[in-house]
Structures are given as C-alpha cells and as structure tokens.
Amino acid sequence: MCDAQEDRLTLVYKAVGRGTRLMTELVPGQLLDALTGLGNGFDLTRARGEVVLAGGGVGCAPLFLLARRLREAGRKVTAVLGFNRAEEIFYEEAFRALGARVLIATMDGSRGTKGFVTDAMPEADSLYVCGPLPMMKAVWKKARGAGQYSLEERMGCGFGVCMGCSIQTAGGSRRVCADGPVFTGEELLWND
Ligand code: FES
C-alpha cells in the first residue's frame, strides 16, 4: 500500500503471479472485497535525527505513505530507492514533492549510484526499510541491526490463524501477518 488519503487507497504492485495479473484486469468502478487494518505498521514515534527510508523495487511503495507522515510531522527525510534499472523507477518525483531528499541506486548503473541500496545509503539515526529479503538483510548488516523492517512472506489466511507466515525472532516465533509485518532490527535473527 503506497498511500492513504481520506477515502482513497493507492496500491502499487508488480504483476508476477495469477493474483496480481488478475488485478491488472480490474476496471474503474469495480468493487473488491478487502481485509484491511491487519498487523502493525512502522512506528513513527521512534523517528529522530537523520531519518532514512531504504526501499528496494516495489518495496519502495509503502515508504511513500511513511514519508508523507514523517514530513507532516516535520521530519527531514532521505529516501534511498533501489531498482534493477532506470525503467523500473517509480515515485521518484512524488517523494521529492513531499520534500524528501531522494537518492537512487540501480543495479546496472543506468541511474544514480551503480549498485545496491546499501551503496547509496547514508548514515541514519532512524532507519525504515522495505524490499526483497536479501536487500533488507544487507541494510540490516550495514546498519548493525538498527532500524525497522517491513517483512513479507507468502500468506495463507492473512489474519493470524494458519501460522503459515511464521518466522523465528529474538522473541520466539512470530507471525508476519499479525505480529508484523514490521519488526525492529533487534528482533531479527539475520546474523547467519
Ligand atoms: S498468514 Fe496465516 S497466520 Fe499469517
């Protein structure tokens, strides 16, 4: 989920499987069943100093609403957005329009810093992360385990019953859908 304003939700997704391909066939005015308000979210109250948002690919999407809320709270925000190539970049100007500093990294070097998000990421006092697992692990290592990380897992029920999305954390087994998706760096066991 990329943005939420009044009665409007903005979703950004990549068509990679049956579900998301079906979503490409939706037409304006079509009604959908949606289960929302599940799990937790990023904790804005812990933002201080240099606030850095690190996103990888479609994982940049939820950082937009976070950036909006942080800017509304008067925070200076740097968004480091990583993509495979320049054609995949989205919302760069939208982040700038919020007043965020935007740093781009692309794997092929077609825009911004050539390499990973970690190659473009400045030191942060507060760090918020969303993206593919290898990218988040690399950010976690660079940040020495600090920050808040929005995880994703394949989900069965989506509301805490099937346990299919469980991960091991420092506090024991946790469900990404109901106990997360956001976990603090201290909770994550990514040392291996
Ligand atoms: S998807 Fe069923 S408990 Fe998380």
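Residues numbered from 1 in each chain as written. Predicted model: local features only at pLDDT ≥ 70, side-chain atom pairs only at ≥ 80, totals over all residues.

A short note on the pairing of strand β9 (residues 166-169)
Step number 1: Pairing between β9 and strand β10 (residues 172-175): four bridges, direction antiparallel. If you follow Q168 over to β10, its bridge partner there is S173.
Step number 2: Connecting β9 to the next strand, β10, in antiparallel fashion are two residues. (Pairing = 2+ DSSP bridges. Helix = DSSP H or I, 4+ residues; strand = E, 2+ residues; numbered from the N terminus.)

Observations concerning the sheet that holds strand β8 (residues 148-150)
Step number 1: Judged by pairing direction, the sheet is mixed, and its seven strands sit side by side in the order β6-β5-β4-β3-β7-β8-β11 without closing on themselves. Two strands in the sheet have a free side with no partner beyond their single neighbour: β6 (113-114) and β11 (182-184).

As for helix α5 (residues 133-142)
Step number 1: Within the span of α5, buried status applies to M135, M136, A138, V139 and W140.
Step number 2: At its buried positions, α5 is contacted by β3 (51-56), β4 (77-83), α4 (117-120), β7 (126-130) and β8.
Step number 3: Downstream of α5 by a residue or two, R144 has a phi angle that is positive, lying close to 50°. (Buried ≥ 20, exposed ≤ 12 C-beta atoms within 10 Å, placed from the backbone. Contact = placed C-beta atoms within 7 Å.)

Observations concerning the domain arrangement of the protein chain
Step number 1: You can read the domains of the protein chain as domain 1 (1-13 + 47-147) and domain 2 (151-192).
Step number 2: Distance between the C-alpha centres of domain 1 and domain 2: 21 Å.
Step number 3: Facing the six residues of domain 1 at the interface are four residues of domain 2.
Step number 4: Of the residues belonging to the side of domain 1 that touches domain 2, the class tally is three nonpolar, two polar and one charged. (Domains from an automatic or database assignment. Nonpolar A, V, L, I, M, F, W, Y, C, P; charged D, E, K, R; others polar.)

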